[in-house]
Amino acid sequence: MHALIEHSHEVSLLLDDQGTILYASPALTHVLGYLPKEVSGQTMLSWVHSLDQSEASESLASLQAHTRQELFTTQRYLHKDGSWRWLELHVVNKLADPQVAALICSLRDITTLKEAEIKQQHLVKESDLAHTHLLTVLQQMPAGVMIAESPSGKLLLSNDQVRQIWRHSFPESNEVDKYDHYKGFHSDGTPYAGHEWPLARSIRQGESVREEEITFLRGDGTRGIMSVSSAPILNTQNEIIAGVVVFIDISERKRLEQLKDNFISMVSHELKTPVTSIKGYTQLLQKHFQRSDEKQSLHFLAKMNYQLDKLTDLINEILSISQLDLGMLNLRPQVFDLVEAVREELESQQATTATHKLQLKGVEKLTITGDRERIGQVIHHLVSNAIKYSPGRKQVCIEICYSDQAALIHIQDYGIGIDSEHFSRIFERFYRVDEPLEQTFPGLGIGLYLAHEIIQRHQGHIWVESQKGEGSTFSFSLPLQPHTTIAKETSHDNH
Ligand code: ADP
């Protein structure tokens, strides 16, 4: 029995009724660093952590008073190296047994276990706190937010805004197919099936949806438009574990935008009539002064005419943009000779520019299908830009050629050029190169955007090649029909 105790990993102690150590087994050195002979005659209480002192004293008192025969407890004790160790104590009260007359105590080091437990408690506390933060943020967000489990679609979390936006609370959806409780409609009026909702697409296909506009039917029977974004939530193995959707009601914003677009459309329409009329009278006056050969008046009238043309271009561009926004920029396709359309455009532009020579080269005839007026508008704008952004230069070259499936038009100037960093943005709405020289040219930054939209609607492409200070070439392509008429190459000056 003695040999068993001497070789056990568990520490065995014999204590008197004051907690003084009468005997300690060798395992004590392993657990608390002290040799048994060092501790003999010392009280156990002297190594107890201050936070565990009162519990330790109470335990001892209860054993002394024989109110307890046995005791299980966990306390911190000071190791010889100065560190604290968590010990699990089992004390059997044999004070009343004349054969033993001591407390038999066995103790075990559970520091690793205890530290892991404390760490876990800490983590649980932290995650509870993070959860509370998340809920607060969700509730404060001015958008509806829902989080659903993948792949089922079971709703895990949603905020009050969801109910407020829908003006209705839905039964909690446990599966994607039930998402059709939410009444949404595609632009053609067909309802969203459960699996078509952005949240369903994110949790099932991992799709990230950005600002999808969906018409929806509120609980009170009114309709609105919401902007919906959603994304999958992935675990460290990149597997989809959930999805989150965020949506806002943009009905009011849409209504105001519509009002603004209608207003701009109406204003530009109204402006067109008086400007056309002033232009007519200017031409009449020009004829009148040509007969009487009044050079100075003709000079002023030419300037007036030029500015009227600029004003007309501006009104047309603004009108086209508002038509685009209202979804009313309809193309009227017809078969026409692209070369003839370009030539007409160049002739009218050459008549108003004394500074530049517009030079046309390439094929003689090239029939395409498209909206002649809109394509004319694109050519007009690109040539106007070529003239505008090449002050002090004399030439603008226009080339019409073709490849296997496309007609190609290049408009080249030798002006200020564009740095390549702007190439990707130059066709964006309102984008203007933000540099001191460029800012000296008048403009709204909508012409290239419009050109891009028109060419795209013809299934074509538009692009720019340029070098700062060396000039620019704007090009666009338009698809050719199988039986296109093409005539051989030529070269013209529009002077
Ligand atoms: P705007 O000329 O009215 O500003 P655009 O949409 O036609 O608007 O052009 C956008 C920007 O692209 C211009 O502000 C200008 O900085 C640049 N840009 C367009 N064409 C040319 C060109 N031929 N040469 C140099 N820069 C150009």
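For the structure itself, look to the data block above.
Worth saying up front: this structure is predicted, and the values here are computed from it rather than measured. (Residues numbered from 1 in each chain as written. Predicted model: local features only at pLDDT ≥ 70, side-chain atom pairs only at ≥ 80, totals over all residues. Heavy atoms only, no water.)

Trainee: Just checking my understanding: could you explain the overall build of the protein for this structure?
Mentor: Assigned secondary structure in the protein consists of 13 helices and 18 strands. Its C-alpha atoms give the protein a radius of gyration of 43 Å, clearly above 23 Å, the size a compact globule of 495 residues would have. Taken along its principal axes, the extent of the C-alpha atoms in the protein is 145 × 55 × 50 Å. Burial statistics for the protein: of 495 residues in total, 41% are counted as buried. Expressed as a percentage of contacts within the protein between residues at least 6 apart in sequence, the contacts between residues at least 24 apart total 56%. Taken as a whole, the protein presents about 28,100 Å² of accessible surface, with 54% of it coming from carbon and sulfur. (Helix = DSSP H or I, 4+ residues; strand = E, 2+ residues; numbered from the N terminus. Rg over C-alpha atoms; globule rule 2.2 N^0.38 Å. Buried < 20%, exposed > 50% of the residue type's maximum accessible area, 1.4 Å probe, protein only. Contact = heavy atoms within 4.5 Å. Areas by Shrake-Rupley, 256 points an atom, 1.4 Å probe, with all protein chains shown as cover.)

Trainee: I keep staring at empty space enclosed by the protein and nothing clicks. Help me out?
Mentor: Rolled over the atoms, a probe as big as a water molecule pinpoints where empty space is left. All told, the structure shown has 2 cavities of 30 Å³ or more when counted by the stated rule. Counted as a void, the largest cavity has a volume near 180 Å³. Of all elements in the fold, only helix H4 (53–64), strand S3 (70–78), strand S4 (84–94) and strand S5 (102–109) reach the threshold of two or more residues within the lining of the largest cavity. For the lining of the largest cavity, a count of residues per class yields 13 nonpolar, 4 polar and no charged. (1 Å grid on protein atoms, 1.4 Å probe; cavity = no way out; pocket = protein on both sides within 12 Å on 5 of 7 lines; lining within 4 Å. Points joined across faces, edges and corners; volume = space filled by probe spheres on them. Nonpolar A, V, L, I, M, F, W, Y, C, P; charged D, E, K, R; others polar.)

Trainee: What am I meant to see in the packing of helix H10 (residues 338–352) against helix H11 (residues 372–388) here?
Mentor: Each packed pair of helices is defined by two parameters, the angle between the axes and the distance between the axes. At their nearest, the axes of H10 and H11 sit 10 Å apart, and the two run at 45° to each other. On the basis of the axis angle, H10 is oblique to H11. You can see that H10 and H11 cross each other, and the crossing is right-handed. Residues Leu338, Glu340, Ala341, Val342, Glu344, Glu345, Leu346 and Gln349 of H10 form the contact with H11, whose own contacting residues are Arg372, Ile375, Gly376, Ile379, His380, Val383 and Ser384. Partitioning the contact of H10 with H11 into residue classes produces 7 nonpolar, 4 polar and 4 charged. (Axes fitted to C-alpha atoms, helices over the stretch in contact; angles between N-to-C directions. Parallel < 35°, antiparallel > 145°, perpendicular 65-115°, else oblique. Left-handed = near helix turned anticlockwise from the far one by under 90°.)

Trainee: Looking at this structure, how should I read the packing of helix H8 (residues 251–292) against helix H9 (residues 295–325)?
Mentor: It is the contact of H8 with H9, at a shortest axis distance of 9 Å, that shows an interaxial angle of 160°. Looking at the two axes, H8 sits roughly antiparallel to H9. For the pair H8 and H9, the crossing hand works out as left-handed.

Trainee: What am I meant to see in the site of the ligand here?
Mentor: Near the ligand you find 21 residues, and of these His381, Asn385, Tyr389, Arg432 and Leu448 are the closest. Histidine 381 is positioned with one of its side-chain polar atoms (N or O) 2.6 Å from an oxygen atom of the ligand. For the ligand, an oxygen atom lies 2.8 Å from a polar atom in the backbone of leucine 448. Burial of the ligand by the protein amounts to 99% of the accessible area it has alone, namely 530 Å². Taken together, the elements giving at least two residues each to the shell around the ligand come down to H11, helix H13 (447–457) and strand S17 (471–479). Per element, the largest residue contribution to the shell around the ligand is 3 residues, and it comes from H11. In terms of residue class, the shell around the ligand is made up of 10 nonpolar, 7 polar and 4 charged. (Near = heavy atom within 4 Å. Polar contact = N/O pair within 3.5 Å; in protein donor to acceptor, adjacent residues only side chain to side chain.)

Trainee: Help me understand the nonpolar core, please; the structure alone is not making it clear to me.
Mentor: One recurring pattern in soluble globular proteins: nonpolar side chains tend to sit buried together. The biggest cluster of nonpolar side chains holds 44 residues, and the ones touching the most others in it are Leu338, Val342, Ile398, Ile400, Ile409 and Phe476. If one sorts the elements of this core by residue count, H11 sits on top with 7 residues. Isoleucine 409 has contacts with Leu338, Val342, Ile379, Ile398, Glu399, Ile400, Phe474, Ser475 and Phe476, leaving out every residue within four places of it along the chain. Counting residues in each nonpolar core, the second largest holds 26 residues, with Ala24, Leu28, Leu63 and Leu87 among its members. (Core = buried A, V, L, I, M, F, W, Y, C linked by side-chain atoms within 4.5 Å.)

Trainee: Please explain the sheet that holds S5 as it appears in this structure.
Mentor: Hydrogen bonds along the backbone pair up the strands of a sheet, which may run parallel or antiparallel. Reading across from one edge, S2-S1-S5-S4-S3 is the order of the 5 strands in this open sheet, with antiparallel pairing throughout. At either margin of the open sheet sits one strand with a lone partner, and together these are strand S2 (21–24) and S3. For this sheet, the mean angle separating the axes of adjacent strands, direction not counted, is 25°. Relative to S4, S3 is paired through 9 bridges, and the arrangement is antiparallel. Bridge pairing links threonine 73 to leucine 89 in S4. This element, H4, spans S3, S4 and S5 of the sheet and lies at about 145° to S3. Packing of helix H5 (residues 111–140) onto the sheet brings it into contact with S3, S4 and S5, and relative to S4 it is tilted by some 120°. (Pairing = 2+ DSSP bridges.)

Trainee: Before we go on, may I ask you to explain the layout of surface pockets in this structure?
Mentor: If you add up the space inside the second largest pocket, you get close to 620 Å³. Elements supplying a minimum of two residues to the lining of the second largest pocket: H8, H9, H10, H11 and H13. Per-element tally for the lining of the second largest pocket: the top contributor is H11, with 8 residues. Broken down by class, the residue content of the lining of the second largest pocket amounts to 8 nonpolar, 10 polar and 10 charged.

Trainee: Explanation requested: the sheet that holds strand S10 (residues 223–234) in the structure shown.
Mentor: Read from one edge of the open sheet, 6 strands run S7-S6-S11-S10-S9-S8, paired in antiparallel fashion. The outermost strands of the open sheet, each flanked by one partner alone, are strand S7 (155–158) and strand S8 (184–185). Alignment of S10 against strand S11 (residues 240–249), held across 9 bridges, turns out to be antiparallel. Considered in S11, the bridge of serine 230 is made with valine 245.

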